Amino acid sequence: MWHERAHRARRDIAALAAAGLGVSDLHAAAIRVIADDVGADLACWATIDPETLVISAMTSGETAIPPEYEPLLAQAEYAPDEPHAFADLARQGVPAARLSELPGVERERSARLRTVWRPLGVERELRVMFMADGACWGGAGMVRAGPDFSDREVELMRSVAPVIAGATRIAVRSEARTPTAGGGGAIVVVGPDGGLRAATPAAQDWRDGLDEIASGRFLTMMRVMALGARSSQSGGFRARLRGPDGRWAVLEASPLIGSDEEQTAITIEPATGDQLLGLLLTAYGLTAREREICHEVIGGHPTAEIAEHLFITTNTVQDHLKSMFAKVGVRSRGELVARLRPEGIPKTPLGVGAPLAESPLRSE
């Protein structure tokens, strides 16, 4: 019986992917599909940046987490030693995990269990990762009161998760190719308590947009960025964030020097084409070598130069190009560049600016 349910769920989610939905709408619809087979009092699905493993957006089911608990959940997610954090599950390649499977002492370390789930009257948690071709595109957080998630429910979610990952990848691919428009750069200063100390006028536009998704979402993300900077050995933290319209921004946090209290400055900038290029290459499933060749092609280098730069033969370059064309759905280099850098996306020289680093918040 559960095999039939899993097949139906996979079919319905594949149909959602074909409908061309954005990530948030896709996840909202998929949550409704899953609810028919795996019940949850609260469902909160994360879109995860596959390069940094930082949560870039959240989508809730019909019953959302109360706004006052959302900052606590975000802080717990990035707290040191938090068990079953999405980033850790992705790094370890764990497809699904129940909180109840942990030893009692380790389970009690969970800040989200102590500060969010128990106060809300729910203790049973299941997390499922959306992995495709080794990249993590998101994860499902599902909690409920009463009986724990059964083995059959876990198996059903594990069976459906790759389809959700593929659908998410398609949606991200479409959104990442959307030209960035509107919304200038902004600066926000956060105090040690997570409260806003100062902000430039442009920050209000970003706040309005993020709070459209959920009340308090902007402040929650600012607190996450400040926590990331304080936890980082380098003193800085970078992340990509999806806005309500699917457009992307790059956030960078660093501690302010010379302040009487521990304050963090956070810059928010619309993502440029080059800052989204790595995300697109991952979304199209290009291998490491294919990505190298793609950068060379975008840089305008001919086949012979690419072969020389990468110490491979021209025939090997051509073979990789054929594979890349097939994956991206184009027939020429010109079409490849246009697909990965559509008109309207700002272009900066390749290599300018620091790459988005892996989140330093989690311990290995």
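Please refer to the structure placed before this passage.
Given the structure is predicted, the values throughout are model-derived calculations rather than measurements.

Engineer: Looking at this structure, I do not really get the pairing of strand 10 (residues 264-270). What am I missing?
Structural biologist: Each regular strand displays side chains that alternate between the two surfaces of the sheet. Where strand 6 (residues 186-190) meets strand 10, 5 bridges bridge the pair, whose relative direction is antiparallel. Residue pairing for strand 10: Val 190 is matched across the bridge by Thr 264. The sheet contact formed by strand 9 (residues 248-255) and strand 10 spans 7 bridges and is antiparallel. The residue bridging Ala 253 from the neighbouring strand is Ile 266, located in strand 10.

Engineer: I would appreciate a short explanation of the sheet that holds strand 3 (residues 96-98) in the present structure.
Structural biologist: Backbone hydrogen bonds are what pair the strands of a sheet, in a parallel or an antiparallel way. Strand order in the open sheet formed by 5 strands is 2-1-5-4-3, with antiparallel pairing between adjacent strands. Only two strands of the sheet have a single partner each, and these edge strands are strand 2 (55-60) and strand 3. Recorded for the sheet is a direction-independent mean angle of 15° between the axes of neighbouring strands. In this sheet, strand 5 (residues 135-144) lies alongside strand 4 (residues 124-132) in antiparallel orientation, the contact comprising 9 bridges. Residue pairing in the sheet places Phe 130 in a bridge with Gly 138 of strand 5. Running at roughly 45° to strand 4, helix 7 (residues 151-176) makes contact with strand 1 (42-48), strand 3, strand 4 and strand 5 of the sheet.

Engineer: Any chance you could explain the environment of Ile 268 here in plain terms?
Structural biologist: Mapped onto the elements, Ile 268 comes out in strand 10. When the C-alpha positions of Ile 268 and Glu 252 are compared, they lie 6.8 Å apart, and in sequence the two are 16 residues distant. Contact partners of Ile 268, with chain neighbours within four places excluded, come to Gly 184, Gly 185, Ala 186, Val 188, Trp 206, Phe 218, Met 222, Ala 249, Val 250 and Leu 251.

Engineer: I tried to follow the nonpolar core on my own but got confused; where do I start?
Structural biologist: Within soluble globular proteins, side chains that are nonpolar tend to cluster in buried spots. The biggest cluster of nonpolar side chains holds 64 residues, and the ones touching the most others in it are Ile 34, Trp 45, Leu 336 and Leu 340. If you look at the next biggest cluster of nonpolar residues, it comprises 49 residues, including Ile 55, Tyr 78, Leu 102 and Leu 251.

Engineer: Is there a simple way to explain the packing of aromatic side chains in this structure?
Structural biologist: Two measures describe an aromatic ring pair: the distance that separates the ring centres and the angle between the ring planes. Scanning the entire structure with this criterion turns up 1 aromatic pair. Positioned above the aromatic ring of Phe 86 is the side chain of Arg 127, whose terminal nitrogen or guanidinium carbon lies 3.9 Å from the ring centre. The ring of Phe 149 has Arg 144 lying over it, and the distance from NZ or CZ to the ring centre is 4.0 Å.

Engineer: Looking at this model, I keep getting lost on the sheet that holds strand 10. Mind explaining?
Structural biologist: Strand order in this open sheet of 5 strands is 7-6-10-9-8, and the pairing throughout is antiparallel. Each edge of the open sheet is held by one strand with a lone partner, namely strand 7 (196-199) and strand 8 (237-242). If you compare each strand with its neighbour and ignore which way they point, the axes differ by 20° on average. The strands that helix 10 (residues 273-283) touches are strand 8, strand 9 and strand 10; relative to strand 8, the one it contacts most, it runs at about 75°.

Engineer: Help me understand the environment of Val 297 in this model?
Structural biologist: Looking at the element boundaries, Val 297 is found in helix 11 (residues 288-298). Sequence separation of Val 297 and Leu 336 is 39 residues, and the distance between their C-alpha atoms is 8.7 Å. Among residues more than four places away in sequence, those in contact with Val 297 are Ile 306, Leu 321, Arg 333, Leu 336 and Val 337.

Engineer: I keep staring at unusual backbone geometry and nothing clicks. Help me out?
Structural biologist: Its identity as a non-glycine residue notwithstanding, Leu 53 has a phi of 60°, on the positive side. Assignment of secondary structure puts Leu 53 in the loop between strand 1 and strand 2. Although it is not a glycine, Asp 133 adopts a positive phi angle of roughly 55°. Residue position: Asp 133 is located in the loop between strand 4 and strand 5. For Asp 133, a relative accessible area of 66% puts it in the exposed group.

Engineer: So what exactly am I meant to see when it comes to the packing of helix 13 (residues 314-328) against helix 14 (residues 333-340) here?
Structural biologist: Two numbers describe how helix 13 lies on helix 14: the axes approach to 11 Å, and their chain directions differ by 45°. Comparing their axes, helix 14 and helix 13 come out oblique. Both helix 13 and helix 14 take part in a crossing whose hand is left-handed. Between helix 13 and helix 14, the residues in contact are Leu 321, Met 324, Phe 325 and Val 328 and Arg 333, Leu 336 and Arg 339, respectively. Residue composition of the contact of helix 13 with helix 14, by class: 5 nonpolar, no polar and 2 charged.

Engineer: Explain the packing of helix 11 against helix 13 here, please?
Structural biologist: Put simply, helix 11 and helix 13 touch, their axes get as near as 10 Å, and they point 90° apart. Classified by the interaxial angle, the pair formed by helix 11 and helix 13 is roughly perpendicular. For the pair formed by helix 11 and helix 13, the contact residues are Arg 289, Glu 290, Ile 293, Cys 294 and Val 297 on the first element and Val 317, His 320, Leu 321, Ser 323, Met 324 and Lys 327 on the second. Tallied by class, the residues present in the contact of helix 11 with helix 13 amount to 6 nonpolar, 2 polar and 3 charged.

Engineer: How should the side chain of Glu 290 be read in this particular structure?
Structural biologist: With respect to the helices and strands, Glu 290 occurs in helix 11. Take Glu 290: its relative accessible area is 3%, and that puts it in the buried class. Apart from the residues within four sequence positions on either side, Glu 290 is in contact with Gly 285, His 320, Ser 323, Met 324 and Lys 327.

Engineer: Quick question: what am I supposed to make of helix 9 (residues 217-231) here?
Structural biologist: Every α-helical turn comprises 3.6 residues, leaving residues that sit three or four positions apart pointing alike. Helix length check: helix 9 (15 residues) gives 21 Å between terminal C-alpha atoms against 21 Å at 1.5 Å per residue, within 8%. The element helix 9 is largely enclosed, with a buried count of 12 among its 15 residues. Residues of helix 9 that are buried include every one of Arg 217, Phe 218, Leu 219, Thr 220, Met 221, Met 222, Val 224, Met 225, Ala 226, Leu 227, Gly 228 and Ala 229, and no others.

Engineer: Please explain the pattern of salt bridges as it appears in this structure.
Structural biologist: Where charged atoms from two side chains of opposite charge come close, those side chains can pair. Counted according to the given criterion, the structure contains 23 salt bridges. Residue Glu 252 pairs with Arg 238 through a salt bridge whose shortest N-O separation is 3.5 Å. Of this pair, Glu 252 sits in strand 9 while Arg 238 is found in strand 8, placing the two residues 14 residues apart along the sequence. By relative accessible area, Arg 238 is classed as buried at 16%. Three or more residues are tied together by salt bridges with common partners; here these are Glu 77, Glu 82, Arg 112, Glu 125 and Arg 127.

Quick notes on the rules
- Residues numbered from 1 in each chain as written.
- Predicted model: local features only at pLDDT ≥ 70, side-chain atom pairs only at ≥ 80, totals over all residues.
- Heavy atoms only, no water.
- Pairing = 2+ DSSP bridges.
- Helix = DSSP H or I, 4+ residues; strand = E, 2+ residues; numbered from the N terminus.
- Axes fitted to C-alpha atoms, helices over the stretch in contact; angles between N-to-C directions.
- Contact = heavy atoms within 4.5 Å.
- Core = buried A, V, L, I, M, F, W, Y, C linked by side-chain atoms within 4.5 Å.
- Buried < 20%, exposed > 50% of the residue type's maximum accessible area, 1.4 Å probe, protein only.
- Phe/Tyr/Trp six-rings, centres within 6.5 Å; stacked < 30°, edge-to-face > 60°.
- Lys NZ or Arg CZ within 6 Å of the ring centre and 35° of its normal.
- Parallel < 35°, antiparallel > 145°, perpendicular 65-115°, else oblique.
- Left-handed = near helix turned anticlockwise from the far one by under 90°.
- Nonpolar A, V, L, I, M, F, W, Y, C, P; charged D, E, K, R; others polar.
- Expected span 1.5 Å × (residues − 1).
- Salt bridge = Lys/Arg side-chain N within 4 Å of Asp/Glu carboxyl O.

Everything listed here is a matter of coordinates, which is why it stays silent on function.
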